[in-house]
Amino acid sequence: MQQEQNLYKEVDIRANKIKELKEQGINPFAEKFNETHTISRAREMEVGTKVSVAGRMTFRRTFGKFMFIQISDIFNKIQVSLSINEIPEDKFKFFKDYVDIGDYVGVTGEIYLTQTGEITVKTLEYSLLAKAKLPLPEKFHGLTDIEQRYRQRYLDLVSNETSRKVLLGRSKLVAFIRDYLQKHDFIEVETPILQGAVCGASAKPFMTHHNALDKECNLRIAPEVYLKQVVAGGFPRVFEVAKCFRNEGMDASHLQEFTQVEWYASYWNFEDNIKFFSGFIREIVKYMLGGTEIRINGSAFDVSKDFERVNYAETISSILGFNVLDYTDDIEKLKKAVIDTGMFDEDEILYLKSCGAVVDYVYKRKMRPEIVNPTILYNYPACLVPLARRSDKDNRIIEMFQFLINGEELCKAYSELVDPDIQRETLEEQARDKANGDEEAMDVDEDFLLAMEHGMPPMSGLGMGIDRLLVMLFEQPSIRDVVLFPIMK
C-alpha cells in the first residue's frame, strides 16, 4: 500500500514539473538533438574529444554542486558529470530540480577519465529531450512480474540486462542467417502472408475475410508452396525469413505467431540438406556463443561432433512392437493396433482423425522425449507429410529429416515432392481428412499444383524456427522471452 502511495506521489510530482515547464515556455519534449556520437562510439574516443551524446538517464548521484549521472541505450551506457564549474549555476539547479530518472537528455562535453578510470563526459551544455511521466521500475529489482515484462517490454529492456542481451542476440542471429545463406548463393524473396489456401504444414490456420474480393483467406502457416513456385520460376536457391501463424495451443515452445527461415535448393536431396544444415548450425553456435557447445537445461551439448542418426520408422515400430508402415493406409486398423499395445488409453487415440496424427502422437509421447543428444531423425512414414518425396525404395517412406536437441525439434527438411499426380493424390487425401474433422489437414492448392504441372526441378527444402533456436542459444525458459512483443490475453 505504501509503495502504491509513493508511486502516485511521484507521478503527481512529475506531472507538475511538466506543467511548470510548459508554463515557463519550455517544451519538455524536444524536436531533435544534434548527436555527434552514439554512446558506444563516445566510449571509444580519446580523452579530450568533444562529443554530443544522448540517452535515457538511468542513474544520478549528487554531491552538492557536482553531479554524476548515467545515460544509456540498448547497446551501452556512459557516465556524465555536471558541475557549476563548467555550466552556469542556474542550469545546474534546473537539471537538479526538473530532470528525473527515466528522462531523455542530450549532453555536449569532453571525454575524460575519473580517478577510478571511468570514461566520463564532462558536461559543457545539456538539453532536456523528453520527460518521463511515469517512473522506471525500481533499480535493483527491475521488472519482476513476468506478464508485465512481456506487456511492457520497453521497461524490461531498460531494467534487465538479460533481456537486452537476448533481444539484441535475436537481431544478430537473423543478420547472420541472411548473410550465411546469401554467401551460399541463396536469394531472399518475399511471399504472401494472406493466402487463399491452407497448405505448407499440418496446422490449424487463422481465417479472415477479404472484403474487396469477398473471399475467405488465411494467414500463412508456412511459405513452402510459394517458395517452391519461385524455384519453378528459375530461382535455383531461395529463402525467406517468414512470419507464420498457427491457431494452436500456447506453451513454452509454441506461439501462434512465430518466425522461421525456410530455404529451398534446386537439385539437392535431403542428404544434401543434412550436410548443409550440419555446417550451418555449427557456424551459428560458433558465431553466437563463441565455441562448439550449446547448453540446455544445465546440460552441455557439443555440436562439433558427428550427429547421431536415428531411423524414425524403425524406432517407432520397435516401440510399438509392429511395423507401423503396414498400418498407415487404414486409420481404424492403426488405432486398434496402437491401443492393443496397452501403452495408451483408448480416449487418447480414438479422437485422432488421421494416420499421421496417430503416428505423431505416439512419437511425441514415447520417442521424442528419449532423444537427448544432437540427433538427425530420418526416414518418416509418408502419412506424416504430404509434400515430401516418397523413397524410390519404399513409397511408404518419405526422404525427410529433423534435427533434435534435448527432445526439442529445431528444423524439418525433406526431398521435395515434384510429381504433380502424386501431389494431387496426397492433397486430396488431406482434404478427406479435413472433411472428417482433422483441423490441421491441408487444402488442395490448385495454384500450387498448376505450377508443379508446368515442371519443378528436384529440390530439397528446410524450415527452422528462429524463436526456438534463440531459446536454446540463450537458455531461456520460454519462447516468449525471445520475442519482443508476444501476444497476451
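First, a word on what this report is: a plain description of the structure on this page. Every value quoted in this text rests on a predicted model; they were computed, and no experiment measured them.

What follows deals with the sheet that holds strand 18 (residues 459–465). The strand order across the open sheet formed by eight strands is 6-10-11-18-17-16-15-14, and the pairing between neighbours is mixed. Each edge of the open sheet carries a strand with a single partner, namely strand 6 (187–188) and strand 14 (308–311). The pairing of strand 17 (residues 408–415) with strand 18 spans five bridges and is antiparallel. Counted as the bridge partner of Lys 412 is Gly 463 from strand 18. Relative to the sheet, helix 6 (residues 161–183) contacts strand 6, strand 10 (237–245), strand 11 (257–266) and strand 18, its axis offset from that of strand 10 by approximately 150°. With respect to the sheet, helix 12 (residues 355–367) is in contact with strand 14, strand 15 (375–381), strand 16 (397–405) and strand 17, its orientation differing from that of strand 15 by roughly 150°.

What follows is about a negative patch on the surface. Taken together, the side chains of Asp 419, Asp 421, Glu 425 and Glu 428 present a region of like negative charge at the surface. Structurally, Asp 419 is set in the loop between strand 17 and helix 13 (420–435).

With respect to topology, five strands assemble into a closed barrel ordered 1-2-3-5-4, the strand pairing being mixed. Taking each pair of neighbouring strands and ignoring which way they run, the sheet shows an average axis angle of 55°. Relative to strand 4 (residues 104–113), strand 1 (residues 50–63) is paired through seven bridges, and the arrangement is antiparallel. Residue Ala 54 lies in a different strand from strand 4, and its bridge partner there is Gly 106. Most of the contacts of helix 3 (residues 89–98) go to strand 2 (residues 66–72), to which it runs at about 55°, and overall it touches strand 1, strand 2, strand 3 (77–83), strand 4 and strand 5 (119–130).

Attention now goes to the pairing of strand 2. Burial runs high along strand 2: five of the seven residues are buried. Linking strand 1 to strand 2, which pair antiparallel, is a turn of two residues; within it Gly 64 sits at a positive phi near 65°.

Here we take up helix 13. Between its first and last C-alpha, helix 13 extends 22 Å over 16 residues, near the 22 Å set by a 1.5 Å rise per residue. The set of residues buried in helix 13 consists of Pro 420, Gln 423, Thr 426, Leu 427, Gln 430 and Asp 433. Taken around the axis of helix 13, the buried residues stretch over an arc of 135°, which confines them to a single face. Exposed side chains of helix 13 directed beyond 90 degrees from the buried face belong to Asp 421, Glu 425 and Ala 435. Elements that come into contact with the buried residues of helix 13 comprise helix 14 (446–453). Where helix 13 terminates, the next one or two residues include Gly 437, which has phi positive at roughly 110°.

Turning next to the packing of aromatic side chains. This model, assessed by the stated rule, comprises 22 aromatic pairs. Summarising the aromatic geometry, the rings of Phe 63 and Phe 68 are spaced 6.4 Å apart at their centres and angled 85° between planes, so their arrangement reads as edge-to-face. Exposure remark for Phe 63: the relative accessible area of 46% places this residue in the partly exposed category. Centre to centre, the rings of Trp 263 and Phe 280 are 5.1 Å apart; their planes meet at 80°, and the pair counts as edge-to-face. With a gap of 17 residues between them, Trp 263 in strand 11 and Phe 280 in helix 8 (residues 270–289) connect regions that are remote in the sequence. Note on accessibility: Trp 263 and Phe 280 belong to one class, buried. Through successive ring pairs, a cluster of aromatic residues spans Phe 176, Tyr 180, Phe 186, Trp 263, Trp 268, Phe 276, Phe 277, Phe 280, Tyr 287, Phe 307, Phe 401 and Phe 403. A cation over an aromatic ring shows up here: Lys 91 above the ring of Tyr 126, its NZ or CZ 4.4 Å from the ring centre. Geometry around Tyr 112 places Lys 122 over its ring, the cationic atom sitting 5.5 Å from the centre.

Overall, the coordinates contain 32 salt bridges when judged by the stated rule. Its salt-bridge partner being Arg 41, residue Glu 44 comes within 2.9 Å of it at the nearest N-O pair. A relative accessible area of 44% places Arg 41 in the partly exposed class. Note that Asp 394 and Arg 396 form a salt bridge whose closest N and O atoms lie 3.1 Å from each other. Residue classification places Asp 394 among the partly exposed positions, given a relative accessible area of 22%. A relative accessible area of 29% places Arg 396 in the partly exposed class. One network of salt bridges, in which partners are shared, links Lys 17, Asp 100, Asp 103 and Lys 131.

Here we take up the nonpolar core. Tyr 312, Ile 316, Leu 334, Val 338, Ile 349, Met 367 and Leu 377 are the most contacted members of the largest nonpolar core, which has 50 residues in total. Here this core takes seven residues from helix 12, the largest share from any one element. Ranked by size, the runner-up nonpolar core spans 49 residues in total, among them Phe 276, Ile 281, Ile 405 and Met 472.

Where burial is concerned, most of strand 4 is hidden: seven out of the ten residues are buried. Where strand 4 and strand 5 come together, ten bridges link them in antiparallel fashion. Considered in strand 5, the bridge of Tyr 104 is made with Ala 130. Taking the residues that link successive antiparallel strands as the turn, the strand 4-strand 5 hairpin has five residues, and the phi of Gly 117 there is positive, at about 85°.

Tracing the backbone through its elements, the reader meets Val 372 in the loop between helix 12 and strand 15. Residues within four places of Val 372 in sequence aside, it is in contact with Phe 301, Ile 405, Asn 406 and Gly 407.

Taken N-terminus to C-terminus, the directions of helix 6 and helix 8 make an angle of 140°; their axes are 11 Å apart at the nearest point. Our classification of the angle between helix 6 and helix 8 gives oblique. The interaxial crossing formed by helix 6 with helix 8 has right-handed handedness. Contact residues: Gly 169, Lys 172, Leu 173, Phe 176, Ile 177, Tyr 180 and Leu 181 in helix 6; Phe 276, Gly 279, Phe 280, Glu 283, Ile 284, Tyr 287 and Met 288 in helix 8. By residue class, the composition of the contact of helix 6 with helix 8 is ten nonpolar, two polar and two charged.

The subject of this paragraph is the side chain of Gln 476. When you line up the elements, Gln 476 lands in the segment after helix 15 (466–473). The exposure class assigned to Gln 476 is buried, which follows from its relative accessible area of 15%. The residues touching Gln 476, leaving out its near neighbours within four places in the chain, are Thr 162, Val 166, Val 471, Asp 481 and Val 482.

So, how was this worked out
Residues numbered from 1 in each chain as written. Predicted model: local features only at pLDDT ≥ 70, side-chain atom pairs only at ≥ 80, totals over all residues. Heavy atoms only, no water. Pairing = 2+ DSSP bridges. Helix = DSSP H or I, 4+ residues; strand = E, 2+ residues; numbered from the N terminus. Contact = heavy atoms within 4.5 Å. Axes fitted to C-alpha atoms, helices over the stretch in contact; angles between N-to-C directions. Patch = residues over 30% accessible without salt bridge, like charges linked within 9 Å, V, L, I, M, F, W, Y side chains within 5 Å. Areas by Shrake-Rupley, 256 points an atom, 1.4 Å probe, with all protein chains shown as cover. Salt bridge = Lys/Arg side-chain N within 4 Å of Asp/Glu carboxyl O. Lys, Arg positive; Asp, Glu negative; His and termini not counted. Charge placed at Lys NZ, Arg CZ, Asp CG, Glu CD. Buried < 20%, exposed > 50% of the residue type's maximum accessible area, 1.4 Å probe, protein only. Expected span 1.5 Å × (residues − 1). Arc of directions from axis to C-beta. Phe/Tyr/Trp six-rings, centres within 6.5 Å; stacked < 30°, edge-to-face > 60°. Lys NZ or Arg CZ within 6 Å of the ring centre and 35° of its normal. Core = buried A, V, L, I, M, F, W, Y, C linked by side-chain atoms within 4.5 Å. Parallel < 35°, antiparallel > 145°, perpendicular 65-115°, else oblique. Left-handed = near helix turned anticlockwise from the far one by under 90°. Nonpolar A, V, L, I, M, F, W, Y, C, P; charged D, E, K, R; others polar.

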